[in-house]
Amino acid sequence: MTATTASTGQKRTANAGRPAPAVRLRAGLAHGSPALLSLVALAVIVAIAAAIQPGILSVTGLSLMLMSAVPLAFAAQAQMIIMSVGDIDLGIGNLVGLVTVIAATLLATDPLLGVGMLAGVLVVYALLAVIVQKRGVPSIIVTLGMSFVWLGIGLQLLPTPGGATPGWLTAIGAWRSTVVPPPLVFVALAAIAGWWIMRRTRAGARMRALGSSAATLDKAGWSATRTRMTAYVLAAVLILASGLLLAAQTRSGDINSASNFTLTTIAAVILGGGTFSGGRALPLGTALGAVTLGLISVLLSLVALPSSMQAGAQGVIVLAVLAGRIVTERFSR
């Protein structure tokens with residue numbers, strides 16, 4: 001009897017330390033509702049597009065429809081990492097464009113120099129993190145200034161769109177499959193990369209801690225400077241991947257090819273459940289948010305909406321999805 005009573009007491013103690021099922025359910029809803037909402041919005045957009053153009057539901061149709069979302073998904077994961085530490089990168093668009101320029105010029109004519117320049121981007125991002133952390137300069141100021149640097153270098157290398165990507169990069173962009181749309185594979189890889197970095201590594205835990213409570217990070221004996229440097233360098237790697245994939249699709253370089261990525265990636269992170277205050281990273285929601293934003297422009301083109309009205313219509317749709325996120329989060333609480 002004594003052993004049974006002790007065992008029962010231990011179970012009660014263990015259960016007492018766990019949140020109640022209702023609390024766990026609410027937490028799960030609050031954490032997963034943005035991704036679910038983005039998925040619902042994505043399904044609605046695809047359904048409307050399919051009603052207008054039934055051929056979209058084929059592998060080829062989905063590939064064409066989702067192609068533009070691939071580089072955006074990688075860039076959005078990069079922005080998510082930066083925002084997880086409480087910063088914002090306003091230079092992503094021009095940097096992605098610069099990578100396409102490097103890919104279409106130096107990687108084809110002088111691969112060693114091209115790789116060196118791409119590696120230099122990682123070094124620059126590490127230095128940006130040090131400036132933000134040590135000098136207290138707001139990230140939006142530092143990254144905005146660098147966006148003009150990226151733009152100037154790109155215009156110097158390739159003043160007008162053109163060039164040609166190397167064969168191996170062109171082959172990546174030309175890959176086709178009759179089983180699954182290739183863009184889905186790349187978007188999944190972007191989401192997995194973001195999930196692995198933020199959820200499966202110690203660096204990811206430290207980055208979230210830096211964004212939510214820098215004092216706690218310091219008490220734990222972790223370096224805030226090193227953590228922010230890690231976040232910036234990992235984000236830069238994903239930005240390079242975004243630019244290379246965009247160059248693989250266009251087979252050329254254009255410094256202005258991703259000028260809208262800066263604000264779009266921020267919107268994708270927010271749609272996916274992220275916050276401006278940091279401490280939160282939802283890779284799946286961010287990927288779905290990026291795909292949703294990428295498909296909105298495709299849908300507006302299918303309905304033959306005048307180009308002068310497309311930007312406004314896109315903004316209204318984004319606001320509607322954000323309003324839905326606010327409602328679902330309040331309900332989950």
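One can find the structure itself at the top, above this paragraph.
(A) Expanded view of the overall build of the protein. Along its length, the protein carries 16 helices and 0 strands. Across the 333 residues that make up the protein, the buried fraction comes to 45%. Relative to all contacts within the protein whose residues are 6 or more apart in sequence, the contacts with residues 24 or more apart total 80%.

(B) Focus on the nonpolar core. Within the largest apolar cluster, 88 residues are counted, with the highest numbers of intra-cluster contacts made by Ile81, Leu95, Tyr125 and Leu295. A per-element tally of this core places helix 13 (residues 224-250) first, with 13 residues. Non-local contacts of Ile81, meaning those with residues more than four positions away in its chain, are made with Ile197, Met198, Met207, Ala231, Leu234, Ala235 and Leu238.

(C) Layout of the pattern of salt bridges. If you walk through the whole model with that rule in mind, you get 1 salt bridge. Between Arg228 and Asp87 there is a salt bridge whose closest N-O contact spans 2.8 Å. Taken together, the positions of Arg228 in helix 13 and Asp87 in the loop between helix 4 (69-84) and helix 5 (92-104) put the pair 141 residues apart, joining distant regions of the chain. In terms of burial, Arg228 and Asp87 fall into one category: buried.

(D) Structural detail: the side chain of Asp87. Judged by relative accessible area, which is 5%, Asp87 ranks as buried. Of the polar contacts made by the side chain of Asp87, one reaches the side chain of Tyr232; its length is 2.8 Å. When sequence neighbours within four positions are dropped, the list of residues in contact with Asp87 reads Ile82, Val132, Ser139, Arg228 and Tyr232.

(E) Molecular detail of helix 9 (residues 167-174). Leu169, Thr170 and Gly173 are the residues of helix 9 that are buried. Relative to the axis of helix 9, the buried residues are bounded by an arc of 100° and lie together on one face. Looking at the buried side of helix 9, the elements it contacts are helix 5 and helix 13.

(F) Looking closely at a nonpolar patch on the surface. On the surface, Leu36, Leu39, Val40, Val44, Ile48, Ile52 and Val303 cluster together into a nonpolar patch covering about 570 Å² of accessible area. Inspection of the secondary structure puts Ile48 in helix 2 (residues 21-52). You can call Ile48 partly exposed: its relative accessible area is 39%.

(G) Highlighting the packing of aromatic side chains. Enumeration over the complete set of coordinates arrives at 2 aromatic pairs. Aromatic pair Tyr125 and Tyr232: ring centres 6.2 Å apart, planes at 50°, arrangement tilted. Taken together, the positions of Tyr125 in helix 7 (residues 111-135) and Tyr232 in helix 13 put the pair 107 residues apart, joining distant regions of the chain. For Tyr125, a relative accessible area of 1% translates into the label buried. With centroids separated by 6.1 Å and ring planes inclined at 85°, the aromatic side chains of Trp175 and Phe186 adopt a geometry described as edge-to-face. In this pair, Trp175 sits in the loop between helix 9 and helix 10 (182-199) while Phe186 sits in helix 10, placing the two residues 11 residues apart along the sequence. A residue is classified by how much of its surface remains accessible, and Trp175, at 37% relative accessible area, is partly exposed. For Phe186, a relative accessible area of 18% corresponds to the buried category.

(H) Structural detail: the packing of helix 5 against helix 7. Look at helix 5 against helix 7: their axes get within 10 Å of each other, and the N-to-C directions meet at 160°. The orientation of helix 5 with respect to helix 7, classified from their angle, is roughly antiparallel. The handedness of the crossing between helix 5 and helix 7 comes out as right-handed. Along the contact surface, helix 5 presents Leu95, Val99 and Ile102, while helix 7 presents Gly114, Met117, Leu118, Val121 and Tyr125. When its residues are assigned to classes, the contact of helix 5 with helix 7 shows 7 nonpolar, 1 polar and no charged.

What counts and how
Note that residues are indexed from 1 along each chain, following the sequence as it is written. A pLDDT threshold of at least 70 governs which residues receive local features in this predicted model, and a stricter bar of 80 or more applies before side-chain atom pairs are shown or counted, although totals over entire chains, interfaces and linings include all residues. Excluded from the side-chain calculations are hydrogens and water; all other atoms, namely the structure's heavy atoms, are used. Secondary structure elements are defined from DSSP: runs of H or I of at least 4 residues count as helices, runs of E of at least 2 residues count as strands, and each element is numbered from the N terminus. Relative accessibility thresholds used throughout: buried, under 20% of the residue-type maximum; exposed, over 50%; partly exposed, between the two (1.4 Å probe, protein chains only). Contacts between residues were defined by any pair of non-hydrogen atoms, one from each residue, lying within 4.5 Å. Definition of nonpolar core: a set of buried residues of the types Ala, Val, Leu, Ile, Met, Phe, Trp, Tyr and Cys, connected through side-chain atoms within 4.5 Å. One speaks of a salt bridge when a side-chain nitrogen belonging to Lys or Arg is within 4 Å of a carboxyl oxygen belonging to Asp or Glu. For this analysis, a polar contact is any N or O atom pair within 3.5 Å, provided that within protein one partner can donate a hydrogen and the other can accept it, and provided that sequence-adjacent residues contribute only side-chain to side-chain pairs. This arc is built from the directions going out from the helix axis to the C-beta atoms. For patch detection, residues must exceed 30% relative accessible area and be free of salt bridges, and they are connected within 9 Å for like charges or within 5 Å for nonpolar side chains (Val, Leu, Ile, Met, Phe, Trp, Tyr). Only the protein chains shown count as cover for residues, and all accessible areas are computed by the Shrake-Rupley method using a 1.4 Å probe. For Phe, Tyr and Trp, rings pair up if their centres lie within 6.5 Å, where Trp contributes its six-membered ring, and each pair is then called stacked (planes under 30 degrees apart), edge-to-face (over 60) or tilted (otherwise). Geometry is summarised by axes, namely lines fitted to C-alpha atoms with helices restricted to the contacting stretch, and by angles between N-to-C directions that run from 0 to 180 degrees. With respect to orientation, any angle under 35 degrees is reported as roughly parallel, any angle over 145 as roughly antiparallel, any angle of 65 to 115 as roughly perpendicular, and every other angle as oblique. With the far helix as reference, a near helix turned anticlockwise by less than a right angle produces a left-handed crossing, and one turned clockwise produces a right-handed crossing. Three categories are distinguished: nonpolar for Ala, Val, Leu, Ile, Met, Phe, Trp, Tyr, Cys and Pro, charged for Asp, Glu, Lys and Arg, and polar for the others, with Gly belonging to the last.

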